[in-house]
Amino acid sequence: MLKDMIALTKPRLLRLNVFAVAVGFWVASKWDISWLSLLLVIIGSTLVIASACVINNYWDRELDQKMERTKKRIEYINHLRPAFVLWYGIILGVVGFAVLYVWVNPLSGWLSLLGWFAYIVIYTMWLKRSSTWSTSLGGIAGAMPPVIGYCAVTNQIDMGAWLLFALLFLWQPPHFWSLGIRRVEEYRAAGFPLLPVVKGITRTKFQMVPYVFLLLPAVFLLYYYDYVGLVFLIVSLLSSVVWFVHTLSGLKTQDNEKWAKINFLISVNYLMLIFILMVVNTTWR
């Protein structure tokens, strides 16, 4: 039972998002870390994000059976029973929101609720089944974790919060569309109106280009406003250029499977590198 409950929280996705929360907290703290506050924001965020993942699995349980990547999730739900899974997700969210609102600050609590709402209602219940905009607008939810961590320290939405939001918001569509291109037939069979399914792979490649390109000014502005140091600027700009050049190369390639696989791997490593650099090269107070 416990194994199924953990699996429904999508542990790999959960770890990445919680790490993003910690990164945002670290950037805002500028090395003056309140470890208790960091622990509380991690606990609260973990519970809210886990709640969103569990309810997403509950809502998508029938469609997930149609895809190789997700069909095992129905086993976890059946082991626990759907009604239990729904209440499990709700309780996780309520407790997580309470921890952030009461023991961190109200702003962090409301931001977590906004991210939860964007993921469950806007993305899962509405756009995922009806529009190619699901990936872009669903990015609102994915961009919230570092903002929650950042605002846990500052208790205000300032330029740093907006830049962290922009970085994650821009990163998500080309990352997810790379996966979508690789598994386009699975998404087509499952009935998801993902951009590669509805508009085609070529259109998707073109649409990825501006997102990756705009990461260049996003990382530069983090340095310009003195949130990170010169090492971050140099390495992140070079990494952004590498990803951008590879994304452009997709406009000519005929081997979409190979190109999309490499682009997906670049996107994953790009984000991890950016996060690590943010922590290591955060400016001091």
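Structure's up top.
Remember, predicted model here, so these are calculated numbers, not experimental data.

1. Quick notes on the overall build of the protein
Helices and strands together make up the secondary structure of the protein, namely 16 helices and zero strands. By the compact-globule yardstick of 19 Å for 285 residues, the protein fits well, its C-alpha radius of gyration being 19 Å. Over its C-alpha atoms, taken along the principal directions, the protein stretches across nearly 55 × 50 × 25 Å. The buried share among the 285 residues of the protein stands at 53%. Expressed as a percentage of contacts within the protein between residues at least 6 apart in sequence, the contacts between residues at least 24 apart total 76%. With the model as given, the accessible surface of the protein reaches about 13300 Å², and the carbon-plus-sulfur share is 68%.

2. Description of the side chain of T282
Among the secondary structure elements, T282 is positioned in the segment after α16 (256–280). In this structure T282 comes out as buried when scored by relative accessible area, which is 4%. Those residues in contact with T282 that lie beyond four places of it in its chain are W26, V27, K30, W31, Y227, V228 and L277.

3. Quick notes on the environment of V41
Along the chain, V41 falls in helix α3 (residues 35–59). Spatially, the C-alpha atoms of V41 and A22 are 8.2 Å apart, while their sequence positions differ by 19 residues. When neighbours within four sequence positions are excluded, V41 is seen to be in contact with V21, F25, L100, V104, I148, G149 and A152.

4. Digging into the packing of aromatic side chains
Applying the stated rule across the entire model yields 19 aromatic pairs. Between W26 and W31, the aromatic rings sit 5.3 Å apart at their centres with planes inclined by 80 degrees, giving edge-to-face as the arrangement. The buried category is assigned to W26, whose relative accessible area is 16%. Ring centres of F84 and Y88 lie 6.3 Å apart, and the angle between their planes is 20 degrees; this geometry places the pair in the stacked category. One end of the pair, F84, and the other, Y88, are both in helix α6 (residues 82–104), four residues apart, so they sit about a helical turn from each other. An aromatic cluster of at least three residues, connected via ring pairs, comprises W26, W31, W35 and W284. It is K205 that lies over the ring of W259; its NZ or CZ is 5.3 Å from the centre.

5. Side note on unusual backbone geometry
Positive phi, normally seen in glycine, also occurs at K10, with a value near 50 degrees. A relative accessible area of 13% places K10 in the buried class. The residue K30 is not glycine, and still its phi comes out positive at about 55 degrees. Positionally, K30 belongs in the loop between α2 (11–29) and α3. Overall, the relative accessible area of 18% leaves K30 in the buried class.

6. Here we look at the pattern of salt bridges
This structure, assessed with the given rule, holds three salt bridges. The partner of R188 in a salt bridge is E185, and the shortest N-O contact between them spans 3.2 Å. You can see R188 and its partner E185 sitting in helix α11 (residues 184–190), three residues apart, about one turn around the helix.

7. Side note on the nonpolar core
If you look at soluble globular proteins, the nonpolar side chains tend to sit buried side by side. Core analysis: the biggest nonpolar cluster contains 54 residues, and V41, Y150, L167, L222, F232 and M278 have the highest contact counts within it. Counting residues per element, the ones that place at least two in this core are α2, α3, α9 (144–154), α10 (159–182), α13 (201–213), α14 (215–224), α15 (230–249) and α16. For this core, the leading source of residues is α10, giving 10 residues. Setting aside residues up to four positions removed in sequence, Y150 forms contacts with G24, F25, V27, A28, Q156, D158, G160, A161, L164 and Y227. Judged by nonpolar contacts, the second largest core, of 13 residues, contains M5, L14, I49 and L92.

8. A closer look at helix α8 (residues 134–142)
For the α-helix, the turn length of 3.6 residues means that residues three or four positions removed from each other point alike. The buried fraction of α8 is high, at seven of nine residues. Considering only its buried residues, α8 is in contact with α2, α7 (106–126), α9, α10 and α13.

What counts, and where the lines are drawn
Numbering of residues starts from 1 in every chain and runs along the sequence as written. Selection of residues for local features in this predicted model requires a pLDDT of at least 70, selection of side-chain atom pairs for listing and counting requires 80 or more, and totals for whole chains, interfaces and linings are taken over all residues. Water and hydrogen atoms play no part in the side-chain values, which are based on all heavy atoms of the structure. Note on conventions: DSSP H or I runs of at least 4 residues are helices, E runs of at least 2 residues are strands, and numbering of each starts at the N terminus. Here the globule rule reads 2.2 Å times residues to the power 0.38, and the radius of gyration is calculated from C-alpha atoms. Only protein chains enter the calculation, and the probe is 1.4 Å; a residue is then buried if its accessible area is under 20% of its type maximum, exposed if over 50%, and partly exposed in between. In what follows, a contact means two residues having at least one pair of non-hydrogen atoms within 4.5 Å. Here the accessible surface of atoms and residues is derived via Shrake-Rupley with a 1.4 Å probe, and residues count as covered only by protein chains that are part of the display. Two aromatic rings, drawn from Phe, Tyr or Trp (for Trp, its six-membered ring), form a pair once their centres lie within 6.5 Å of each other, and the interplanar angle then sorts them: stacked below 30 degrees, edge-to-face above 60, tilted otherwise. Remark: a charge is flagged as sitting over a ring if the NZ atom of Lys or the CZ atom of Arg is within 6 Å of the ring centre and within 35 degrees of the ring normal. Salt bridge, as used here: a side-chain nitrogen of Lys or Arg that lies within 4 Å of a carboxyl oxygen of Asp or Glu. Put simply, a nonpolar core is a bunch of buried Ala, Val, Leu, Ile, Met, Phe, Trp, Tyr and Cys residues held in one set by side-chain atoms that sit within 4.5 Å of each other.

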